[in-house]
Amino acid sequence: MLRFTMPVTLQHHVQQHHGAELASVIQAIAEASVLIERSLRTAALSDILGAQGSTNVQGEQQQKLDVLANDLLTEVMRQHPAVAAAISEEDEDAIVFTGKRDAAFVAIYDPLDGSSNIDVNVNVGTIVSIQRVASGIEPTAAALQAGSAQAGALYVNYGPATMLVYTAGRGTHSFTLSNGEYLLSTEGLTIPPQGPYYSVNEGNADDFPADIRDYLQSLRSGGLFGTRYGARYIGSFIADLHRTLLKGGVFLYPPTVKAPNGKLRLLYEANPLAMLVEQAGGMAVTVPMAGMPAERILDLLPQALHQRTTLAIGGPVEIGALPARATRHLVA
Ligand code: P6P
């Protein structure tokens with residue numbers, strides 16, 4: 001007898017576990033990502049590759065596709081009745097949508113992370129954090145809540161397959177894009193407790209705190225766990241994070257001379273991915289200079305929309321083994 005199980009769509013999965021309102025926001029983001037994906041696939045055939053000729057609030061060269069992805073996602077959020085405001089890596093200030101004062105959520109996103117890799121056809125991603133707006137609270141204040149308050153978090157990994165991974169606090173689940181629809185591929189993703197890879201930009205190693213350099217050397221040599229780790233670094237956070245989530249190991253962005261507070265942004269890179277990894281059984285902490293205590297990423301209270309953070313994110317074994325100053329009090 002033919003065995004056939006109906007594929008589970010993203011909207012159905014979110015609605016079943018988290019209710020219709022959040023499901024409709026996540027579905028709207030998913031639909032925007034389908035439009036972004038279509039532009040990416042044929043970018044080399046149309047005049048949308050390369051630099052836009054402008055810089056964003058981070059002082060970074062905007063790629064044409066950064067602007068396209070941002071405009072798409074912001075317009076979809078503007079039209080959604082449950083989204084009060086959008087905070088984007090590409091815009092200095094929050095965009096508060098008029099006429100939606102009582103909307104339940106704010107969307108905080110990096111519309112196209114890793115975009116400098118597009119011209120060489122490397123995976124890029126869309127990263128979204130969703131915070132709830134309590135009544136009487138300004139949307140920007142809602143965006144500055146700690147990551148532990150997030151109502152949901154997701155990323156889209158535009159790669160050989162386009163995959164969307166989301167959590168709303170009850171596990172981390174992955175979906176694969178098929179004919180314009182995201183279908184459930186893995187429910188309840190679990191990060192391997194210990195993985196084969198570490199992922200860091202070795203070019204910055206001379207800047208890292210000495211004990212972090214020692215930690216990395218002990219992963220390479222096998223001194224820490226008896227097995228030698230491989231190095232993998234793609235330079236596109238979504239790609240490095242997705243591999244870490246599925247294969248295990250640790251991704252680090254320690255302090256550098258150029259980025260003493262780290263490079264990755266707290267609100268729309270570290271927070272959403274920390275929620276996704278914690279929901280999959282992993283951990284995410286800061287990597288401060290020696291002598292400073294590390295903190296759980298999701299406990300940090302943001303002071304500014306675009307603030308950066310140092311980061312170590314991955315399996316509990318590797319995070320638990322970070323130098324004592326870092327995480328001893330954090331390991332469950
Ligand atoms: P570096 C891309 O520009 C990005 O924001 C992340 O996607 C990526 O992990 C990181 O920067 C790479 O930074 O300094 O190693 O090139």
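Criteria and cut-off values
- Residues numbered from 1 in each chain as written.
- Predicted model: local features only at pLDDT ≥ 70, side-chain atom pairs only at ≥ 80, totals over all residues.
- Heavy atoms only, no water.
- Helix = DSSP H or I, 4+ residues; strand = E, 2+ residues; numbered from the N terminus.
- Rg over C-alpha atoms; globule rule 2.2 N^0.38 Å.
- Buried < 20%, exposed > 50% of the residue type's maximum accessible area, 1.4 Å probe, protein only.
- Contact = heavy atoms within 4.5 Å.
- Lys, Arg positive; Asp, Glu negative; His and termini not counted.
- Charge placed at Lys NZ, Arg CZ, Asp CG, Glu CD.
- Phe/Tyr/Trp six-rings, centres within 6.5 Å; stacked < 30°, edge-to-face > 60°.
- Polar contact = N/O pair within 3.5 Å; in protein donor to acceptor, adjacent residues only side chain to side chain.
- Near = heavy atom within 4 Å.
- Areas by Shrake-Rupley, 256 points an atom, 1.4 Å probe, with all protein chains shown as cover.
- Nonpolar A, V, L, I, M, F, W, Y, C, P; charged D, E, K, R; others polar.
- Patch = residues over 30% accessible without salt bridge, like charges linked within 9 Å, V, L, I, M, F, W, Y side chains within 5 Å.
- Salt bridge = Lys/Arg side-chain N within 4 Å of Asp/Glu carboxyl O.
- Domains from an automatic or database assignment.
- Buried area = accessible area lost by both parts, 1.4 Å probe.
- Core = buried A, V, L, I, M, F, W, Y, C linked by side-chain atoms within 4.5 Å.
- Pairing = 2+ DSSP bridges.

K.L.:
How would you summarise the overall build of the protein if you had to cite specific residues and measurements?
P.N.:
In terms of regular secondary structure, the protein is built from nine helices and 17 strands. Relative to the compact-globule value of 20 Å for 332 residues, the protein shows a C-alpha radius of gyration of 19 Å, a close match. Each principal axis of the C-alpha distribution contributes one length, and for the protein these read about 60 × 55 × 45 Å. With 332 residues in all, the protein has 54% of them scored as buried. If you take every contact in the protein between residues at least 6 apart in sequence, the share linking residues at least 24 apart comes to 65%. Of the charged side chains in the protein, 22 are positive and 31 negative; the average position of the first set lies 6 Å away from that of the second.

K.L.:
Report on the packing of aromatic side chains, specifying residues and quantitative values.
P.N.:
Scanning the model with the defined rule gives four aromatic pairs in all. Consider the rings of tyrosine 166 and phenylalanine 175, whose centres lie 5.9 Å apart with planes at 40 degrees: the pair is tilted. A relative accessible area of 0% places phenylalanine 175 in the buried class. Summarising the aromatic geometry, the rings of phenylalanine 225 and tyrosine 229 are spaced 5.9 Å apart at their centres and angled 40 degrees between planes, so their arrangement reads as tilted. Given the relative accessible area of 27%, phenylalanine 225 is considered partly exposed. Through successive ring pairs, a cluster of aromatic residues spans Tyr233, Phe237 and Phe251.

K.L.:
Before we move on, can you summarise the side chain of threonine 162 with the specific residues and values?
P.N.:
Relative to the helices and strands, threonine 162 is located in strand 8 (residues 162-167). Here threonine 162 falls in the buried class, since its relative accessible area comes to 4%. Of note is the side chain of threonine 162, whose polar atom sits 3.4 Å from the side chain of glutamate 37. Filtering out sequence-adjacent residues up to four positions away, threonine 162 remains in contact with Glu37, Arg41, Val156, Asn157, Phe175, Thr176, Leu177 and Tyr182.

K.L.:
Lay out the site of the ligand in plain terms, naming residues and giving numbers.
P.N.:
In the vicinity of the ligand, the residues found are Asp113, Gly114, Asn201, Tyr233, Gly235, Ser236, Phe237, Tyr253, Lys263, Arg265 and Glu269. Within the side chain of aspartate 113, one N or O atom sits 2.6 Å away from an oxygen atom of the ligand. One nitrogen or oxygen atom from the side chain of tyrosine 253 is found 2.6 Å from an oxygen atom belonging to the ligand. For the ligand, the accessible surface in isolation is 400 Å², of which the surrounding protein chains cover 82%. Among the residues forming the shell around the ligand, the class breakdown is three nonpolar, four polar and four charged.

K.L.:
Which residues make up a nonpolar patch on the surface, and what values do they have?
P.N.:
A contiguous nonpolar patch, built from Leu2, Phe4 and Met6 and spanning about 440 Å² of accessible area, is present on the exposed surface. Summarising the element assignment, phenylalanine 4 is placed in the segment before helix 1 (10-18).

K.L.:
Summarise the domain arrangement of the protein; cite the residues concerned and give the values.
P.N.:
Along its sequence, the protein is organised into domain 1 (10-186) and domain 2 (197-320). Here the C-alpha centre of domain 2 lies 23 Å away from the C-alpha centre of domain 1. Contacts between the two partners involve 47 residues from domain 1, matched on the other side by 32 residues from domain 2. Interface area, domain 1 with domain 2, both sides summed: about 2,800 Å², of which 63% is carbon and sulfur. Looking at the side of domain 1 facing domain 2, the largest losses of area belong to Ile127, Leu144 and Tyr155, adding up to 21% of the total buried there. The interface formed by domain 1 and domain 2 contains one salt bridge. With a closest N to O distance of 2.4 Å, arginine 265 and glutamate 89 form a salt bridge. Here domain 1 and domain 2 share 13 residue pairs in polar contact (both at pLDDT 80 or more) between them. Counting residues per element, the ones that place at least two in the side of domain 1 that touches domain 2 are strand 3 (83-88), strand 5 (105-113), strand 6 (124-132), helix 4 (139-143), strand 7 (152-158) and strand 8.

K.L.:
Describe the nonpolar core, and please don't skip the residues or the numbers.
P.N.:
Judged by nonpolar contacts, the single largest core of 41 residues is most densely connected at Leu10, Leu112, Ile130, Tyr166 and Tyr182. Per-element tally for this core: the top contributor is helix 2 (residues 20-41), with 11 residues. Not counting the four nearest positions on each side in its chain, leucine 10 is found in contact with Ile26, Gln27, Ala30, Leu164, Tyr166, Phe175 and Tyr182. Counting residues in each nonpolar core, the second largest holds 37 residues, with Leu189, Leu266, Ala274 and Leu276 among its members.

K.L.:
Any details on the environment of proline 323? Residues and values, ideally.
P.N.:
Tracing the sequence through the fold places proline 323 in the loop between helix 8 (316-320) and helix 9 (324-327). In the structure, proline 323 is positioned 108 residues away from tyrosine 215 in sequence and 6.9 Å away in space, judged by C-alpha atoms. In contact with proline 323, other than residues within four places in its own chain, are Asp211, Ile212 and Tyr215.

K.L.:
Lay out the sheet that holds strand 11 (residues 197-199) in plain terms, naming residues and giving numbers.
P.N.:
On the basis of which strands lie adjacent, the open sheet formed by five strands has the order 12-11-13-17-15 and mixed pairing. What marks the edges here is a single partner per strand, and that holds for strand 12 (230-231) and strand 15 (283-285). In the sheet, strand 11 pairs with strand 12 via two bridges, with the strands oriented parallel. Each residue of the ladder has a partner; that of tyrosine 198, found in strand 12, is alanine 231.

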